[in-house]
Amino acid sequence: MKYIISTDSTADLPLSYIKDHAIAIQFLSYTFGDTVYGAGNQMDPHSFYERMRAGEMPTTNACIPAEVQNNFEAYLKEGYDILHISFSSGLSASYNNARIAAEELAEQYPERKIVLVDSLCASMGQGLLVHYAVTMKESGKSLEEVADWLENNKLHLCHQFTVNDLFHLHRGGRVSKATAILGTLINVKPVLHVDDEGHLTAVCNVRGRKKSLLKLVDIMESQIDGYENNIVFISHGDCQEDAEFVAAQVRERLGIQNILIDYVSPTIGAHSGPGTVALFYLGKTR
């Protein structure tokens with residue numbers, strides 16, 4: 001049975017990748033000033049981060065169930081089943097909203113199948129999980145086989161990232177104001193990850209930007225034994241040079257040459273801020 005792979009815009013996959021592999025995207029929106037950005041109305045990522053650097057603060061919204069339902073229905077009418085890989089339920093209502101849409105459609109299209117996977121991932125961690133799904137689909141695996149693999153392996157999709165400005169984490173409720181002030185004064189850079197519940201949590205603190213970038217690779221090196229990583233994803237909040245530095249470390253220290261680098265999308269970048277660098281790969285534990 002033919003099927004399509006769907007995911008949220010928070011997977012942060014390059015547009016060329018989305019087009020080449022015919023991935024359906026469910027857009028989360030964000031608001032800057034009086035303008036709402038979403039499907040069909042996207043801001044250039046560099047401009048987005050420049051406005052944040054200038055002090056503007058965007059707000060974000062989850063996928064709207066009615067929009068997801070309309071998007072899903074278009075594929076069901078064409079005879080496709082759907083495998084939807086959602087943004088972490090620990091960070092957004094998007095998974096639950098997609099579930100609502102799927103339940104509505106199940107009654108109208110009982111002959112069709114919609115399978116939802118709560119990725120418990122974010123940014124290009126979600127994107128890397130989608131990449132593995134796409135690879136399996138294109139090799140001839142069924143929807144059920146791909147969904148089973150995703151459920152069995154999603155907690156091995158490791159996320160390590162660091163931010164350059166603690167005040168963005170404070171605004172998102174991730175650190176206290178006192179921690180943000182003190183950390184900024186003594187140049188502390190937090191290293192964080194997405195845990196098994198799909199929540200954003202701190203791993204450790206290091207002094208200095210370069211050390212925080214190196215720490216991402218240190219942690220990766222300690223986690224990947226026994227896992228084949230033919231490709232690694234890196235996302236960044238408008239700091240390409242730092243992302244390239246991490247990529248060079250991965251190539252030199254771990255021998256992994258195939259690395260995809262792209263922006264942290266505005267929907268996630270609104271919370272992590274400019275200067276975020278994130279590293280994604282398969283490992284034995286998050």
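Here, residues in each chain are numbered from 1, in the same order as that chain's written sequence. Predicted model: local features are reported for residues with pLDDT of at least 70 only, side-chain atom pairs are reported and counted for 80 or more only, and whole-chain, interface and lining totals are derived from all residues. Calculation of side-chain values draws on the structure's entire complement of heavy atoms; hydrogens and water are dropped beforehand.

**Q** What exactly am I supposed to notice about the overall build of the protein here?
**A** For the protein, the count of helices and strands is 11 helices and 13 strands. The atom set for the radius of gyration is the C-alpha atoms, and the globule formula is 2.2 Å times the number of residues raised to the power 0.38. Against the compact-globule benchmark of 19 Å for 286 residues, the protein has a radius of gyration of 19 Å, which places it among compact chains. Over its C-alpha atoms, taken along the principal directions, the protein stretches across nearly 60 × 50 × 30 Å. Buried residues in the protein amount to 54% of all 286 residues. Here a residue-residue contact requires only that any non-hydrogen atoms of the pair lie within 4.5 Å. Intrachain contacts of the protein at a sequence separation of at least 6 include 76% that bridge at least 24 residues. The Shrake-Rupley method, run with a 1.4 Å probe sphere, supplies the accessible areas, and residue values consider only the shown protein chains as cover. Summing over all exposed atoms, the protein offers an accessible surface of approximately 12,600 Å²; the carbon and sulfur share of this is 50%. As used throughout, the charge tally considers Lys and Arg to be positive and Asp and Glu to be negative, leaving His and the chain termini uncounted. By convention, charge coordinates are those of NZ in Lys, CZ in Arg, CG in Asp, or CD in Glu. Of the charged side chains in the protein, 24 are positive and 35 negative, and the gap between their average positions amounts to 6 Å. A helix here means a DSSP run of H or I that spans at least four residues, while a strand means a run of E at least two residues long, and both kinds are numbered starting from the N terminus. Between buried and exposed lies partly exposed: a residue is buried under 20% and exposed over 50% of the maximum accessible area for its type, with that area taken using a 1.4 Å probe on protein chains only.

**Q** It is not clear to me how the packing of helix H3 (residues 65-77) against helix H4 (residues 94-108) should be interpreted in this structure. Could you clarify?
**A** Helices that pack against each other are described as a pair by the angle of their axes relative to one another and the distance between those axes. Axis separation between H3 and H4 bottoms out at 8 Å; the angle between their running directions is 45 degrees. Classified by the interaxial angle, the pair formed by H3 and H4 is oblique. Read as a crossing pair, H3 and H4 show a hand that is right-handed. Across the interface between the two elements, Pro 65, Val 68, Gln 69, Phe 72, Glu 73 and Leu 76 from H3 touch Asn 97, Ala 98, Ile 100, Ala 101, Glu 104, Leu 105 and Gln 108 from H4. Only Asp, Glu, Lys and Arg are considered charged in this grouping, and only Ala, Val, Leu, Ile, Met, Phe, Trp, Tyr, Cys and Pro are considered nonpolar; every other residue, Gly among them, is considered polar. Taken together, the residues that form the contact of H3 with H4 break down as eight nonpolar, three polar and two charged. Axis lines are fitted to C-alpha atoms, over the contacting stretch for helices. Their N-to-C directions set the angle, which ranges from 0 to 180 degrees. Any angle between 65 and 115 degrees counts as roughly perpendicular, while under 35 counts as roughly parallel, over 145 as roughly antiparallel, and the rest as oblique. The crossing is said to be left-handed when, going from far helix to near helix, the turn is anticlockwise and less than a right angle, and right-handed when the turn is clockwise.

**Q** For this particular structure, what's the right way to read the side chain of Ser 88?
**A** By secondary structure assignment, the location of Ser 88 is in the loop between strand S6 (81-86) and H4. Relative accessible area serves as the criterion here: at 0%, Ser 88 is assigned to the buried category. As used in this structure description, the phrase polar contact means that two N or O atoms lie within 3.5 Å; if the pair is within protein, one of them must be able to donate a hydrogen and the other to accept it, and residues adjacent in sequence are counted only when both atoms belong to side chains. At 3.0 Å, the side chain of Ser 88 forms a polar contact with the backbone nitrogen of Gly 90. Among all residues touching Ser 88, those that are not within four sequence positions of it are Asp 118, Ser 119, Leu 120, Cys 121, Glu 197 and Gly 198.

**Q** Got a minute to help me understand the sheet that holds strand S7 (residues 114-118) in this structure?
**A** Note on sheets: strands pair through backbone hydrogen bonds, and any given pair is parallel or antiparallel. What makes two strands pair is DSSP finding at least two bridges between them. On the basis of which strands lie adjacent, the open sheet formed by four strands has the order S2-S1-S6-S7 and parallel pairing. Either end of the sheet is taken by a strand with one partner, and the two such strands are strand S2 (24-26) and S7. Averaged over neighbouring strand pairs, the angle between their axes works out to 20 degrees when direction is ignored. Two elements, strand S1 (residues 3-8) and S6, share five bridges in a ladder whose sense is parallel. Bridge assignment links Ile 4 to a residue of S6, and that residue is Ile 82. Taken strand by strand, H4 contacts S1, S6 and S7, and its axis lies near 165 degrees from that of S7. Packing of helix H6 (residues 143-153) onto the sheet brings it into contact with S1, S6 and S7, and relative to S6 it is tilted by some 15 degrees.

**Q** Help me understand the packing of aromatic side chains in this model?
**A** Aromatic ring pairs are described here by two measures, namely the spacing of the ring centres and the angle between the planes. Only Phe, Tyr and Trp rings are paired, with Trp represented by its six-membered ring, and only when their centres lie within 6.5 Å; those with planes under 30 degrees apart are stacked, over 60 edge-to-face, the remainder tilted. Across all of its chains, the model carries seven aromatic pairs by this definition. Look at Phe 48 and Tyr 49: their rings are 5.1 Å apart centre to centre, the planes differ by 85 degrees, and that puts the pair in the edge-to-face class. An angle of 40 degrees between the planes, with centres 5.5 Å apart, marks the rings of Tyr 132 and Trp 149 as tilted. Residue Tyr 132 is located in helix H5 (residues 123-138), and its partner Trp 149 is located in helix H6; the two are separated by 17 residues in the primary sequence. For Tyr 132, a relative accessible area of 15% puts it in the buried group.

Take it as geometry only, folks, not as evidence of what the structure does.
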